[in-house]
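This is what each chain is made of:
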Amino acid sequence: ALAEHLLQRPCKQPGLDALARVLAADADNRAGAAARAQWLAVGTYFHPIGRASAEHRADTAARLQVMQAWADGDAPVYVLAVRAWQQWSDVMQQWGEQRERAANRELPLVVAADAPLRQTLAALAAAGAKASAVAKDAVADGVLVDGMLHYYSGDHATARARLSAFAHDVPAHRWHQEGLRFLGINERLQRERGGKK
């Protein structure tokens, strides 16, 4: 609880230090606290548009290696949420590189229906049906990423629905304001397109 309180501050380091103490106390995740602590730590690394430093991406991969051995309680939900951020960052980095090579900033994002990210998001949504109330904010990560994925893929109707659900269902989520911001951008684009027609 202290760690989560401290993570609300602009400087995340005190919160991360508290999370390290949680991980040391629950190294084998028997109390279920370690999986949430790992997810919370990863949550400080990524931005909704997939940005993360190389150092943070490497740290996330190392944390995921540890987490994958945990299968009790809500641990699978947190594993999937962490994997979703990792894969979303990969997708956005690759898309950025493609746009640079093509010298086309308007190149649409194309993610196959069977791509690892889409599979992870589907698995997270399915796991969310069984998740405890405590883990619902980790499930909401998947709703946000899915909304952003549809947004950048040009499917604005689905993006609006997913981002609206995210904004409505998890008002205390760390990315709630960003969700609202992208929802506003999405709605403005829809109005502009409607005006052109």
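Residues numbered from 1 in each chain as written. Predicted model: local features only at pLDDT ≥ 70, side-chain atom pairs only at ≥ 80, totals over all residues. Heavy atoms only, no water.

Student: Please clarify how the packing of helix 6 (residues 116-128) against helix 7 (residues 136-153) should be interpreted in this entry.
Tutor: Any two packed helices are characterised by how steeply their axes cross, that is the angle between the axes, and by the distance between the axes. Interhelical geometry of helix 6 versus helix 7 gives an angle of 145 degrees and a closest axis separation of 9 Å. The hand of the helix 6/helix 7 crossing is left-handed. On helix 7, the residues touching Leu 117, Arg 118, Leu 121, Leu 124 and Gly 128 of helix 6 are Lys 136, Ala 138, Val 139, Gly 142, Val 145, Asp 146, Leu 149, His 150 and Ser 153. Partitioning the contact of helix 6 with helix 7 into residue classes produces seven nonpolar, four polar and three charged. (Axes fitted to C-alpha atoms, helices over the stretch in contact; angles between N-to-C directions. Helix = DSSP H or I, 4+ residues; strand = E, 2+ residues; numbered from the N terminus. Left-handed = near helix turned anticlockwise from the far one by under 90°. Contact = heavy atoms within 4.5 Å. Nonpolar A, V, L, I, M, F, W, Y, C, P; charged D, E, K, R; others polar.)

Student: Hey, could you run me through the environment of Ala 140 in this one?
Tutor: Of note, Ala 140 is situated in helix 7. Among the residues examined, Ala 140 registers a relative accessible area of 5% and is labelled buried. With 35 residues separating them along the chain, Ala 140 and Trp 175 place their C-alpha atoms 9.8 Å apart. Excluding anything up to four places from it in sequence, Ala 140 contacts Phe 166, Val 170 and His 173. (Buried < 20%, exposed > 50% of the residue type's maximum accessible area, 1.4 Å probe, protein only.)

Student: Got a minute to help me understand the layout of surface pockets in this structure?
Tutor: Rolled over the atoms, a probe with the dimensions of a water molecule shows which regions are left empty. Volume-wise, the largest pocket comes out at about 400 Å³. Lining the largest pocket are 15 residues, with Leu 7, Gln 8, Leu 40, His 173 and Arg 174 positioned closest to its centre. Among the elements that make up the lining of the largest pocket, the one with the highest residue count is helix 3 (residues 33-43) (four residues). Across the lining of the largest pocket, the residue classes tally to six nonpolar, four polar and five charged. Of all the elements in the fold, those that place two or more residues in the lining of the second largest pocket are helix 5 (75-102), helix 7 and helix 9 (176-196). Looking at the lining of the second largest pocket residue by residue, the classes come out as seven nonpolar, two polar and four charged. (1 Å grid on protein atoms, 1.4 Å probe; cavity = no way out; pocket = protein on both sides within 12 Å on 5 of 7 lines; lining within 4 Å. Points joined across faces, edges and corners; volume = space filled by probe spheres on them.)

Student: Would you take a moment to explain the environment of Asp 155 for this structure?
Tutor: Position of Asp 155 relative to the elements: it lies in the loop between helix 7 and helix 8 (156-169). Considered as a pair, Asp 155 and Thr 60 are 95 residues apart in the sequence and their alpha carbons are 29 Å apart. Within the local environment of Asp 155, its side chain forms a polar contact with the side chain of Thr 158, the two groups lying 2.8 Å apart. (Polar contact = N/O pair within 3.5 Å; in protein donor to acceptor, adjacent residues only side chain to side chain.)

Student: Hey, could you run me through the environment of Val 91 in this one?
Tutor: With respect to the secondary-structure elements, Val 91 resides in helix 5. Given the relative accessible area of 14%, Val 91 is considered buried. C-alpha of Val 91 to C-alpha of Arg 9: the two residues are 82 residues apart in sequence and 29 Å apart in space. The contacts of Val 91, once residues within four sequence positions are left out, are Leu 109, Val 111 and Leu 117.

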